[in-house]
Amino acid sequence: MNSKKTLIVSHAPFWHDGSGIPERSYHTIIAALPAAIVGIAYYGAPALGVISLAIASAIIWELLLNYASKQPVTVGNGNAALIGLLMAMVLPASAPWWLVLIGTFLAIVIGMQIFGGIGANPFNPVALAIAILIVSYKNHLDFDAALVNFSLDFPSTTDPLAALKAFGPAAVENLNPIDLFMGRQVGGLGSSCGLAIAIGGIYLMLRGIIRWEISIAFIVGVFICALLFNMSDPVRYAPPAFHLLTGYTLIGAFFLATESSSSPVNFIPMLVYGALGGVMTVLIRNIGAYVDGVIFSILLINLINPLIDKIRPKAIGKVA
């Protein structure tokens, strides 16, 4: 007599831990809110406008694509809102409305949905979008030019990384690391306050949303590479603390490099992935053409992620 029971075969993972995309998205949004709130406190209503438009437009782009492709509506999982929030945080508070719309379109449609949606994107959608904007609309992503009309109560009204690139460490040696850590520097509206970003990153680690290996390896990579440059020629290259506290370093380490679809899943690959990202960041800043190398370094490690993730532990036992 034939049994009606069948054996169901599927790919890993075989055991679900109960978490899902909405949980990851909303916890990451919660973690990013402190840095976004600091940006609103420093830059005022324009920052709030950029954040609101970025979140709303990201949701609309995904909703329109769901309808156009006749797929189930996925905006409820919070991923589009998260991408919109992170996109806003790396933009200047003066970003015009059309730049925000182009950025969220690039992140949602080109960076994620064109590859098949959540889990299929080989690159971080926000990093890909902001890289295209940097290349295409250079003046709007030049913080000195973009924020020139803002009245900011900062120790320096110029972008620290731009000053370093143009004039060397002597131009930034008087900047207080505490001021930099508290976000009192010209930069992205939600990516400058290291304290708020670090708090959000630690929250994500404690919740199990991200793994510590990538973030810590990224920071260590930045520190060691910057230290070696500084030791070789302190007149030309800034100390490691400066590189850690300026630009997109910390938001890259905690929120961009750790994006689950484009990062490794094994222990050793995560360390290699993060460390390479940190090293490439400093190399681009010190000897490359761009002021900040975080975005491009993340895209580079995204590109080599499939190769790195092949480094896996050997199975225990012998082959029969």
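Look a little higher up for the structure.
Residues numbered from 1 in each chain as written. Predicted model: local features only at pLDDT ≥ 70, side-chain atom pairs only at ≥ 80, totals over all residues. Heavy atoms only, no water.

## Some thoughts on the nonpolar core
Phase 1: Counting 79 residues, the largest nonpolar core has Leu91, Ile130 and Phe255 as its most contacted members.
Phase 2: Counting residues per element, this core draws most heavily on helix H3 (residues 79-89), which supplies nine residues.
Phase 3: Residues in contact with Leu91, not counting those within four places in the same chain, are Val50, Leu99, Val100, Ile130, Leu133, Leu141, Phe143, Gly188 and Leu189. (Core = buried A, V, L, I, M, F, W, Y, C linked by side-chain atoms within 4.5 Å. Buried < 20%, exposed > 50% of the residue type's maximum accessible area, 1.4 Å probe, protein only. Helix = DSSP H or I, 4+ residues; strand = E, 2+ residues; numbered from the N terminus. Contact = heavy atoms within 4.5 Å.)

## As for empty space enclosed by the protein
Phase 1: In the structure shown here, the tally under the stated rule is two cavities of 30 Å³ or more.
Phase 2: A volume near 50 Å³ is recorded for the largest cavity.
Phase 3: The computed volume of the second largest cavity comes to approximately 30 Å³.
Phase 4: Lining of the second largest cavity is provided by Ser191, Ser192, Gly194, Ile197, Leu244, Leu245, Thr246, Gly247, Thr249 and Leu250.
Phase 5: Broken down by secondary-structure element, the contributors of at least two residues to the lining of the second largest cavity are helix H9 (194-207), helix H11 (240-245) and helix H12 (249-256).
Phase 6: Its residues placed into classes, the lining of the second largest cavity shows four nonpolar, six polar and no charged. (1 Å grid on protein atoms, 1.4 Å probe; cavity = no way out; pocket = protein on both sides within 12 Å on 5 of 7 lines; lining within 4 Å. Points joined across faces, edges and corners; volume = space filled by probe spheres on them. Nonpolar A, V, L, I, M, F, W, Y, C, P; charged D, E, K, R; others polar.)

## Here we look at H12
Phase 1: The element H12 is largely enclosed, with a buried count of eight among its eight residues.
Phase 2: Buried residues of H12: Thr249, Leu250, Ile251, Gly252, Ala253, Phe254, Phe255 and Leu256, and no others.

## Considerations on the side chain of Ser297
Phase 1: Structurally, Ser297 is set in helix H14 (residues 294-308).
Phase 2: Of note is the side chain of Ser297, whose polar atom sits 2.9 Å from the side chain of Thr281.
Phase 3: The contact partners of Ser297, leaving out residues within four places of it in the chain, are Phe218, Gly277, Met280, Thr281 and Ile284. (Polar contact = N/O pair within 3.5 Å; in protein donor to acceptor, adjacent residues only side chain to side chain.)

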